[in-house]
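Working through the structure, step by step
The lines below spell out each chain.
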Amino acid sequence: MSAYTASVVWSRGDAVFTDNKYARAYTVAFDGGVSIAGSASPANVPAPYSQAEAADPEELLVASVSSCHMLWFIDYARRGGFVLDSYEDAAEGVMGKDERGKVAFTRITLRPKCAWSGAQIPDAATLDELHHKAHEACFIANSLRCDVKVEARA
């Protein structure tokens with residue numbers, strides 16, 4: 001099996017801290033050298049203590065599910081002999097109380113839209129099959145407790 005790492009760094013700076021008026025902004029660095037700005041979600045921590053322009057953990061989880069599905073889908077499309085020109089997803093995660101009474105993601109919906117070229121364009125049934133196979137293979141979705149749905153768009 002593989003191991004994956006991310007470095008998350010936060011610093012209080014000169015904030016008092018005990019008054020709960022400290023920044024929730026941080027940096028996430030990945031092993032390939034890419035760093036992104038992270039923050040608590042403004043839905044959970046109001047500005048100025050959160051940064052709306054930074055990626056929050058909830059968005060990162062939705063993006064992780066979406067990108068994992070996409071990468072498997074691209075691979076299965078290639079294996080099927082199709083030429084995929086582009087793939088866009090308008091993914092959405094919904095949080096609420098789960099069956100344990102804990103706040104959690106209760107549903108993540110992927111809304112992929114594909115553009116194809118070449119002699120062989122997949123029909124609706126083949127698209128459904130490709131998305132099903134990608135969903136079954138996506139180890140991020142397989143790691144979650146919530147429902148992950150795929151609603152392919154034309």
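First things first, this report covers the structure right here in the doc. Bear in mind the structure is a predicted one, so any value in this text is a computation, not a measurement. (Residues numbered from 1 in each chain as written. Predicted model: local features only at pLDDT ≥ 70, side-chain atom pairs only at ≥ 80, totals over all residues. Heavy atoms only, no water.)

**Quick notes on the layout of surface pockets**
Considering only enclosed or pocket space, the largest pocket measures out at about 410 Å³ in volume. What lines the largest pocket is Y4, T5, A6, F30, L60, L61, S64, S67, C68, L71, F139 and I140. When residues of the lining of the largest pocket are traced back to their parent elements, those giving at least two are α1 (57–79) and α3 (139–142). Of the residues belonging to the lining of the largest pocket, the class tally is nine nonpolar, three polar and no charged. (1 Å grid on protein atoms, 1.4 Å probe; cavity = no way out; pocket = protein on both sides within 12 Å on 5 of 7 lines; lining within 4 Å. Points joined across faces, edges and corners; volume = space filled by probe spheres on them. Helix = DSSP H or I, 4+ residues; strand = E, 2+ residues; numbered from the N terminus. Nonpolar A, V, L, I, M, F, W, Y, C, P; charged D, E, K, R; others polar.)

**A word on the sheet that holds strand β3 (residues 35–38)**
One open sheet accounts for three strands, arranged β1-β2-β3; its pairing is antiparallel. Here the strands that pair on one side only, and so sit at the sheet edges, are β1 (6–9) and β3. Across the sheet, the mean angle from the axis of one strand to that of its neighbour is 20°, orientation sign disregarded. Bridge count between β1 and strand β2 (residues 26–30): four bridges; the pairing is antiparallel. Across the sheet, V8 pairs through a bridge with V28, a residue of β2. (Pairing = 2+ DSSP bridges. Axes fitted to C-alpha atoms, helices over the stretch in contact; angles between N-to-C directions.)

**Brief notes about the packing of α1 against helix α2 (residues 124–137)**
For the pair α1 and α2, interaxial distance at closest approach is 8 Å and the crossing angle is 130°. As the angle between them shows, α1 and α2 are arranged oblique. Between α1 and α2 lies a crossing of right-handed hand. Every residue of α2 that contacts α1 at H69, W72, F73, Y76 and A77 is listed here: L127, L130, H131, K133, A134, H135 and A137. Each residue belonging to the contact of α1 with α2 can be placed in one class, and the counts come to eight nonpolar, three polar and one charged. (Parallel < 35°, antiparallel > 145°, perpendicular 65-115°, else oblique. Left-handed = near helix turned anticlockwise from the far one by under 90°. Contact = heavy atoms within 4.5 Å.)

**So, unusual backbone geometry**
A cis amide bond links A47 to the next residue, P48, at an omega of 10°. Along the chain, P48 turns up in the loop between β3 and α1. One non-glycine residue, F17, lies in the positive phi region at around 80°. With respect to the helices, strands and loops of the structure, F17 is situated in the loop between β1 and β2. Overall, the relative accessible area of 39% leaves F17 in the partly exposed class. For N20, which is not glycine, the phi torsion reads 65° and is therefore positive. Looking at the element boundaries, N20 is found in the loop between β1 and β2. For N20, a relative accessible area of 45% puts it in the partly exposed group. (Buried < 20%, exposed > 50% of the residue type's maximum accessible area, 1.4 Å probe, protein only.)

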